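# Descriptive analysis of the structure
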Amino acid sequence: MADRSLRGIRIGAQSLQSEEGVVFHERAQHTYSCTSCGRDTTMTFAADAEVPEAWECRTCGAEALLRIGDGHATVDHSGDKVPRSHWDMLLERRTLPELEELLEERLAYLRARRGTAEDASLDKISA
């Protein structure tokens, strides 16, 4: 029975796969220079992959541009969407006079509710 038992191996110590017959794809390295902190980041891509003109800087998170020779790639930001705030979306649905009216109604409601709550607590204290 001992000759049919499996021998154990350490977990994570060795891979059971071999690299026989594996053909690695050609690679190309591209350098990106940060526009904010000036640091360079080298990224490895497949040789036939479409390389992005901009990458996020690993250090500061700003935009890093692809270095081409002595210059940098130019990125067209004209098609980028500007994020809308909650206030912008609210102004699409309501006008400023409508918002002021709603605010006054809500404040009156809160003041009335607070006033009745104060009156009730004063009645309990005086009793």
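Here we summarise the structure given alongside this text. Only a predicted model underlies this, so the values are computations on that prediction, with no experimental measurement involved.

## Section: the nonpolar core
Listed in full, the eight residues of the largest apolar core are Y32, C34, M43, F45, C57, A64, L66 and A73. Elements represented by at least two residues in this core include exactly strand 1 (27-34), strand 2 (40-46) and strand 4 (63-68).

## Re the state of the cysteines
Throughout the structure, instances matching the rule amount to zero disulfides. The structure places no disulfide on C57, whose sulfur is separated from the nearest cysteine sulfur, that of C34, by 3.7 Å. In this structure C57 comes out as buried when scored by relative accessible area, which is 3%.

## Brief notes about the pattern of salt bridges
For the structure shown, the criterion picks out two salt bridges. Residues R67 and D40 are paired through a salt bridge, measuring 2.3 Å at the closest nitrogen-oxygen approach. Taken together, the positions of R67 in strand 4 and D40 in strand 2 put the pair 27 residues apart, joining distant regions of the chain. The salt bridge partner of R84 is E92, with a shortest N-O separation of 2.8 Å.

Conventions we followed
The numbers attached to residues start from 1 for each chain and follow its sequence in the written order. Local features in this predicted model are restricted to residues whose pLDDT is 70 or higher, and side-chain atom pairs enter the listing and the counts only when it is 80 or higher, whereas totals over whole chains, interfaces and linings include all residues. Note that water and hydrogens are dropped before the side-chain values are worked out from all heavy atoms of the structure. What is meant by a nonpolar core is a set of buried Ala, Val, Leu, Ile, Met, Phe, Trp, Tyr and Cys residues, joined one to another through side-chain atoms within 4.5 Å. In this scheme, a residue with accessible area under 20% of its type's maximum is buried, one over 50% is exposed, and one in between is partly exposed, where area comes from a 1.4 Å probe on protein chains only. Strands here mean DSSP runs of E at least two residues long; helices mean DSSP runs of H or I at least four residues long; both are numbered from the N terminus. Disulfides are defined as cysteine sulfur pairs within 2.5 Å. A pair is scored as a salt bridge if a Lys or Arg side-chain nitrogen falls within 4 Å of a carboxyl oxygen belonging to Asp or Glu.

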